[in-house]
Amino acid sequence: MVLAILGGTGPEGSGLGLRWAAAGHRVIIGSRQAEKGMRVASELKELLPEGNISGSDNLSAVKAADIAVLTVPYSAQEGTLKHVGLALSGKLLVTVVAPTSTPKSRAWRLPSGKSAAEEAQETVGQDVRVVAAFQNIGAHNLKDLEYEMDCDVLVCGNNREDKKIVLDLCSDAGFRGVNCGALQNATVAEGLVSLLIAVNIIYKIKDAGIRITGI
Ligand SMILES: NC(=O)c1ccc[n+]([C@@H]2O[C@H](COP(=O)([O-])OP(=O)(O)OC[C@H]3O[C@@H](n4cnc5c(N)ncnc54)[C@H](OP(=O)(O)O)[C@@H]3O)[C@@H](O)[C@H]2O)c1
């Protein structure tokens, strides 16, 4: 598949992009500045010369892609989605956005009482299929393709077929994805981010994660 990663120049988007490229997907690193997207894409190509990785501005990336992946800070979510606007129409949008406050990302509830993923759905409208995933996957080890990720990806969305596509993307990136039900459950996945950051700080580690047992 062709994956456009919006804000793919950051550690989370570039790390996921590298893993998807290693699995054989075509990855476009999107940025507000095409040159920055191209620069990060060439850095990823150094790590994975055989990878089909390119860079562009966010809008061109979405136009060329089957699936868009949103990896910008929460504060940039609405503006980025409005900027790419109609190019998303009919496509699958995987949102990785986790609203956290700074410094040290203490727990933070959105004033709307909703998840950032539900807010994203409201911004893009019902013509775009939104699935939330990867909120609990730290960027720290993503670019080490040999590193075995010891955690699950919580996948929330309202359409079973769309979640199946994202569950496959989880496998392609080296994770077990778990279907966690409706998009509104993304509130929990997003809330876990502050919790996992706290665990990282308290235990002086970098990659606290979450596993669903009993499946
Ligand atoms: N880092 C993690 O470990 C981690 C883990 C789980 C989830 N997440 C979530 O994944 C998302 C990305 O995380 P990250 O650490 O990679 O973020 P980041 O480095 O802060 O930002 C990613 C990219 O977003 C773009 N961006 C930044 N500010 C922007 C603005 N005001 N308007 C438009 N675009 C802007 C930038 O790309 P350009 O300058 O190239 O446009 C930037 O490189 C966040 O929502 C985060 O909560 C992160």
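Look up: the structure comes first, before these words.
Residues numbered from 1 in each chain as written. Predicted model: local features only at pLDDT ≥ 70, side-chain atom pairs only at ≥ 80, totals over all residues. Heavy atoms only, no water.

Participant: Before we go on, may I ask you to explain the overall build of the protein in this structure?
Facilitator: Of the regular secondary structure elements, the protein holds 7 helices and 8 strands. The C-alpha radius of gyration of the protein comes to 16 Å, within 12% of the 17 Å expected for a compact globule of 215 residues. Among the 215 residues that make up the protein, the fraction classed as buried is 49%. The long-range share in the protein, meaning contacts at least 24 apart out of those at least 6 apart in sequence, stands at 73%. (Helix = DSSP H or I, 4+ residues; strand = E, 2+ residues; numbered from the N terminus. Rg over C-alpha atoms; globule rule 2.2 N^0.38 Å. Buried < 20%, exposed > 50% of the residue type's maximum accessible area, 1.4 Å probe, protein only. Contact = heavy atoms within 4.5 Å.)

Participant: Got a minute to help me understand the pairing of strand E8 (residues 176-179) in this structure?
Facilitator: As a general feature of sheets, a regular strand has side chains that alternate between the two faces. Where strand E7 (residues 152-157) lies against E8, 4 bridges are found, and the strand directions are parallel. Across the sheet, residue Asp 152 finds its bridge partner in E8, namely Arg 176. Note on the crossover from E7 through helix H6 (residues 160-172) to E8: the handedness is right-handed. (Pairing = 2+ DSSP bridges. Right-handed = clockwise from strand over helix to strand, strands pointing away.)

Participant: Sorry, what's going on with the site of the ligand here?
Facilitator: For the ligand, the set of nearby residues contains 21 residues, the closest of which are Thr 9, Ser 31, Arg 32, Lys 36 and Val 72. Note that an oxygen atom of the ligand is positioned 2.5 Å from one of the side-chain N or O atoms of Ser 31. Contact between the ligand and Ala 98: an oxygen atom at 2.9 Å from a main-chain N or O atom of the residue. Here the ligand loses 74% of its free accessible area of 880 Å² to cover by the protein chains. When atoms are counted within 2 Å of each cavity's grid points, the one that captures over half of the ligand is the largest pocket. Sorting the residues of the shell around the ligand by element identifies helix H1 (11-22) and helix H4 (74-84) as the ones contributing at least two each. (Near = heavy atom within 4 Å. Polar contact = N/O pair within 3.5 Å; in protein donor to acceptor, adjacent residues only side chain to side chain. Areas by Shrake-Rupley, 256 points an atom, 1.4 Å probe, with all protein chains shown as cover. 1 Å grid on protein atoms, 1.4 Å probe; cavity = no way out; pocket = protein on both sides within 12 Å on 5 of 7 lines; lining within 4 Å. Sits in = over half its atoms within 2 Å of the grid points.)

Participant: Would you explain unusual backbone geometry in this entry?
Facilitator: Of note, Phe 134 is a non-glycine position whose phi angle comes to about 70°, a positive value. On the basis of relative accessibility, which here comes to 1%, the residue Phe 134 falls in the buried class. Phi at Lys 204 takes a positive value of approximately 55°, unusual for a residue other than glycine. Looking at the element boundaries, Lys 204 is found in the segment after helix H7 (186-203).

Participant: Any chance you could explain the layout of surface pockets here in plain terms?
Facilitator: Approximately 910 Å³ is the volume found for the largest pocket. Together, 40 residues line the largest pocket, and Pro 11, Glu 12, Thr 71, Val 72 and Pro 73 are the ones closest to its centre. (Points joined across faces, edges and corners; volume = space filled by probe spheres on them.)

Participant: Can you walk me through the side chain of Arg 19 in this structure?
Facilitator: Tracing the backbone through its elements, the reader meets Arg 19 in helix H1. There is no salt bridge for the buried Arg 19, and the closest opposite charge comes from Asp 144, which lies 6.1 Å off by N-O distance. Polar contacts involving the side chain of Arg 19 include one to the main-chain carbonyl oxygen of Tyr 147, which spans 3.2 Å. Leaving out residues up to four positions away in the same chain, Arg 19 has contacts with Asn 141, Leu 142, Asp 144, Leu 145, Tyr 147, Met 149, Asp 172, Ala 173 and Gly 174. (Lys, Arg positive; Asp, Glu negative; His and termini not counted. Salt bridge = Lys/Arg side-chain N within 4 Å of Asp/Glu carboxyl O.)

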